[in-house]
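# Topology and contacts: notes
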Amino acid sequence: QVQLVESGGGLVQAGASLSVSCAASGRPFSWLGMGWFRQAPGKEREVVAVISWGGRDTFYVDSVKGRFTISRDNAKNTVYLSMNTVQPEDTAVYYCAADVDNSWKLGSRWAPKYWGQGTQVTVSS
């Protein structure tokens, strides 16, 4: 089993920057493909960003490319999502996700096994 605990999030104004982080436990962190999903009210959950075991490979949904950055610190068992120039349409519950296989390579079609509880990000206009 893998346990994921998100932190960060909150309420910010459009154009601001915000970061969320996710601490993982239960398996060696370097074994885990990691990612962030989000779900806005009335919408389906979508992948936002994915990062490979070692952090060299990443995937971003088109709507966040150039604004969001996913990173990981394997020494701290933590993955981060840095969000710049956030917009009201970025408002959602953000979920950390992980899996132990290489399915992170599927990008937008990734269906990870392990999920965090979610953290709310609200962007006001």
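Please refer to the structure higher up on the page.
An account of the accompanying structure is given in this report. Everything numeric in this text was worked out from a predicted model, so none of it was measured.

### Observations regarding the side chain of Thr-91
Tracing the chain through its elements places Thr-91 in the loop between strand S8 (78-83) and strand S9 (92-99). Note on Thr-91: relative accessible area 19%, which makes it buried. Only 2.9 Å separates the side chain of Thr-91 from the backbone oxygen of Pro-88, close enough to count as a polar contact. In terms of polar contacts, Thr-91 uses its side chain to reach the backbone amide nitrogen of Val-123, at 2.9 Å. Once you skip the residues sitting within four places of it in the chain, Thr-91 turns out to touch Ala-40, Pro-41, Gln-120, Val-121, Thr-122 and Val-123.

### As for the sheet that holds strand S1 (residues 3-8)
If you trace the 4 strands from one edge of the open sheet to the other, you get S1-S3-S8-S7, paired in antiparallel fashion. Whereas interior strands pair on both sides, the edge strands pair on one side only; in this sheet they are S1 and strand S7 (68-73). Pairwise comparison of adjacent strand axes, ignoring direction, gives a mean angle of 20 degrees for this sheet.

### Describing unusual backbone geometry
The backbone of Asn-77 shows a phi angle near 55 degrees, a positive value even though the residue is not glycine. Tracing the backbone shows Asn-77 in the loop between S7 and S8.

### Description of the pattern of salt bridges
For the coordinates displayed, the defined rule picks out 4 salt bridges. Asp-62 is the salt-bridge partner of Lys-65, the closest N and O atoms lying 3.0 Å from each other. A relative accessible area of 62% places Asp-62 in the exposed class. One salt bridge connects Asp-90 with Arg-67, and the closest N-O pair in it is separated by 2.8 Å. Here Arg-67 lies in the loop between strand S6 (58-60) and S7 and Asp-90 lies in the loop between S8 and S9, a separation of 23 residues in the sequence. Each of Arg-38, Glu-46, Arg-67 and Asp-90 takes part in a single network of salt bridges with overlapping partners.

### Focus on the pairing of S8
Bridge count for strand S3 (residues 18-25) against S8 is 6 bridges, and the pairing is antiparallel. Within S8, the position partnered with Cys-22 by the bridge is Val-79. Two strands pair when backbone bridges link them, and S7 and S8 are joined in this way by 6 bridges, in the antiparallel orientation. Within the sheet, the bridge partner assigned to Arg-72 lies in S8 and is Val-79. Hairpin connection from S7 to S8: 4 residues lie between these consecutive antiparallel strands, with Asn-77 at a positive phi of about 55 degrees.

### A word on the side chain of Ser-21
Here Ser-21 lies in strand S3. Look at Ser-21 and you get buried, because its relative accessible area is 18%. There is a polar contact of 2.8 Å between the side chain of Ser-21 and the side chain of Ser-7. Ignoring any residue separated from it by four or fewer positions in sequence, one finds Ser-21 in contact with Val-5, Glu-6, Ser-7, Trp-36, Thr-78, Val-79 and Tyr-80.

### Comments concerning the packing of aromatic side chains
For the structure shown, the criterion picks out 4 aromatic pairs. Residues Phe-37 and Trp-110 carry aromatic rings whose centres are separated by 5.9 Å and whose planes lie at 35 degrees to one another, so their mutual orientation is tilted. With Phe-37 in strand S4 (residues 33-39) and Trp-110 in the loop between S9 and strand S10 (114-115), this residue pair connects regions lying 73 residues apart in the sequence. Connected via pairs of aromatic rings, a cluster forms that spans Phe-37, Tyr-95, Trp-110 and Trp-115. Sitting above the plane of the Tyr-95 ring, Arg-45 keeps its charged end 5.0 Å from the centroid. For Arg-72, the ring lying beneath its charged end belongs to Phe-29, and the centroid distance is 4.4 Å.

Cut-offs used in this document
- Residues numbered from 1 in each chain as written.
- Predicted model: local features only at pLDDT ≥ 70, side-chain atom pairs only at ≥ 80, totals over all residues.
- Heavy atoms only, no water.
- Helix = DSSP H or I, 4+ residues; strand = E, 2+ residues; numbered from the N terminus.
- Buried < 20%, exposed > 50% of the residue type's maximum accessible area, 1.4 Å probe, protein only.
- Polar contact = N/O pair within 3.5 Å; in protein donor to acceptor, adjacent residues only side chain to side chain.
- Contact = heavy atoms within 4.5 Å.
- Pairing = 2+ DSSP bridges.
- Axes fitted to C-alpha atoms, helices over the stretch in contact; angles between N-to-C directions.
- Salt bridge = Lys/Arg side-chain N within 4 Å of Asp/Glu carboxyl O.
- Phe/Tyr/Trp six-rings, centres within 6.5 Å; stacked < 30°, edge-to-face > 60°.
- Lys NZ or Arg CZ within 6 Å of the ring centre and 35° of its normal.

Any functional reading would require information beyond the geometric quantities listed.
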